[in-house]
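If you want the building blocks of each chain, they are given just below.
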Amino acid sequence: MLARVFSAFRHRDFRNIWIGACTSTIGTFVQQFAQSWLVFELTNDPFFLGLDLFLGQLPIMMFSLFGGVFADRYDRRKLLLMSQYIQMTCAFILTVLFFTHVVKVWHILTLSFVVGMGQSMGGPAYSALLPTLVGPEDLQNAIAMNSIQFNLARIIGPTLGGLAYTTLGATWCFLLNGVSFIAVIISLYMIHVTFVPAKSREPVMESMKAGIRFIRRREGMEPLVALAFCTTLLGFSLNGFLPVFVKEVFKRGPETYTLLLVCSGSGAVVGGLIVAWLGRLRHQGRSALLILLVLGTFIAAFALSHWLVLSCVLLFCGGAAIMASASIMLSLVQLIVTDDMRGRVMSVYNLAFRGGMPMGSLILGRLMPHYGVSTTMTGAGSLLVAMALYFLLVQRRITAL
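What comes next concerns the included structure.

Thoughts on the overall build of the protein chain
Part 1 of the argument: What the protein chain contains, in helices and strands, is 15 helices and 0 strands.
Part 2 of the argument: Here the C-alpha radius of gyration of the protein chain, 20 Å, is about what a compact globule of 401 residues would show, namely 21 Å.
Part 3 of the argument: Each of the three principal axes of the protein chain carries a C-alpha extent, and together these read 55 × 50 × 45 Å.
Part 4 of the argument: For the protein chain, buried positions account for 62% of its 401 residues.
Part 5 of the argument: Here the contacts in the protein chain between residues at least 6 apart in sequence split such that 88% fall between residues at least 24 apart.

Here it is in structure tokens:
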């Protein structure tokens, strides 16, 4: 059973990059814990929480399509290294700003944007590189394992972040994140890249159009991209507003915020393990939609809950649903696309998937001061249920996959 769950780890390069990425992502969540809490404390306005998330994702919306073209033209490892160096530098700049006690909210917002620029180049390269590190029979398992490392970091990162923040101060949270990038940089130098894209003199815009044409011609790709955007728009913003629930609903502090993040991350790890164990499912499209329907219900129930224990359970179940649905949708896309188009197609998919998060964060952050955090998130969960039902019963192209 364990061999089946962890089959992707048979591949040395995948193991190396998994360990490096997990270490770096833990550092990212250590910083994110301190950053979200401090932005809310400095402004006492949930809009700025949403704005910080929005500015971190905005460059991905602006530049990731170009990143996809570059990922199909240049060495994907070198693009990833450039991305990691940019993010590491930003973490060390924040460390200095906090250490010297001169940090302002605009510093945080600006650096979030710069980090997003680095990720807009690294994201498509990583998505295109990952399938080349394993055999096709282990692709879905590798995707699930990659999701697990991200969510394992969501458990460890906020826990370490809470400890570092309360015992050492915010400066150490940013310093730990900067140091953590060294692990993924080392892992990238260790792997053997088996597929290097052929160089092309085709204009960038023409290459981009070719990727879009590929998506439009492949059965099921267009609705998958639309579903990815709607899913993150409505279903992935909850964690970003947990500080608001902690302060306004539960009337507690950073320890409760840490607890809620750990519950969500633990559920996501369990969801990823279940997908890895099940392997490739029949009717994956229908399964993803049913899981999203359940996710919307969990979000609405969490928003209405005032009992911390029940809220922790709902976040755990919601985390499992988020990761299971995301892993299944991503594996569907990766199985459809070809190596020579992988960077461009994945950049479009990632643009939709990640683009929904900042849009949702900005919209929900603006609505919360007027309607309240509970009512706003209940509406988001209800709309996610309605969307899942639409794709299940009306627009049924995904259910055929």
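That was the structure; now back to the text.
As for the packing of aromatic side chains
For any two aromatic rings, the description comes down to two numbers: the centre-to-centre distance and the angle of the planes.
Part 1 of the argument: Across all of its chains, the model carries 9 aromatic pairs by this definition.
Part 2 of the argument: With a centroid separation of 5.6 Å and an interplanar angle of 70°, the aromatic rings of Phe 9 and Phe 14 are classed as edge-to-face.
Part 3 of the argument: Classification of Phe 9 as buried rests on a relative accessible area of 19%.
Part 4 of the argument: Three or more aromatic residues joined by ring pairs make a cluster, and in this case those are Phe 9, Phe 14 and Trp 18.

Here we look at the state of the cysteines
Part 1 of the argument: This model, assessed by the stated rule, comprises 0 disulfides.
Part 2 of the argument: Cys 317 takes part in no disulfide bond, and the closest cysteine sulfur, belonging to Cys 263, lies 10 Å away.
Part 3 of the argument: The class of Cys 317 is partly exposed, set by a relative accessible area of 27%.

Describing empty space enclosed by the protein
Part 1 of the argument: Summed over all chains, the structure comprises 2 cavities of 30 Å³ or more.
Part 2 of the argument: Counted as a void, the second largest cavity has a volume near 30 Å³.
Part 3 of the argument: Lining the second largest cavity are Leu 65, Val 69, Met 208, Gly 211, Ile 212, Arg 344, Ser 347 and Val 348.
Part 4 of the argument: Residue composition of the lining of the second largest cavity, by class: 5 nonpolar, 2 polar and 1 charged.

Cut-offs and rules
Every residue gets a number counted from 1 within its own chain, in the order that chain's sequence is written. Local features in this predicted model are restricted to residues of pLDDT 70 or higher, and side-chain atom pairs are both shown and tallied only at a pLDDT of 80 or more, whereas totals for entire chains, interfaces and linings draw on every residue. Here the side-chain values reflect all heavy atoms present in the structure, with hydrogen atoms and water set aside. Helix numbering and strand numbering both begin at the N terminus, where a helix is a DSSP run of H or I of at least 4 residues and a strand a DSSP run of E of at least 2. It is over C-alpha atoms that the radius of gyration is taken, and the globule rule equals 2.2 Å times the number of residues to the power 0.38. Summary of the burial criterion: residues with accessible area below 20% of their type's maximum are buried, those above 50% are exposed, and those between are partly exposed, where the area comes from a 1.4 Å probe applied to protein chains only. The contact definition used throughout considers only heavy atoms, calling two residues in contact when any of these lie within 4.5 Å. Only Phe, Tyr and Trp rings are paired, with Trp represented by its six-membered ring, and only when their centres lie within 6.5 Å; those with planes under 30 degrees apart are stacked, over 60 edge-to-face, the remainder tilted. When two cysteine sulfur atoms are found within 2.5 Å, that pair is recorded as a disulfide. Cavities and pockets are found on a 1 Å grid laid over the protein atoms alone: a cavity is a set of points where a 1.4 Å probe fits but cannot escape, a pocket is an open set with protein on both sides within 12 Å along at least five of seven lines, and a lining residue has an atom within 4 Å of such a point. Grid points are joined across faces, edges and corners, and a volume is the space filled by probe spheres set on the points. Note that Gly is not counted as nonpolar here; it falls among the polar residues with everything else outside the nonpolar set of Ala, Val, Leu, Ile, Met, Phe, Trp, Tyr, Cys and Pro and the charged set of Asp, Glu, Lys and Arg.

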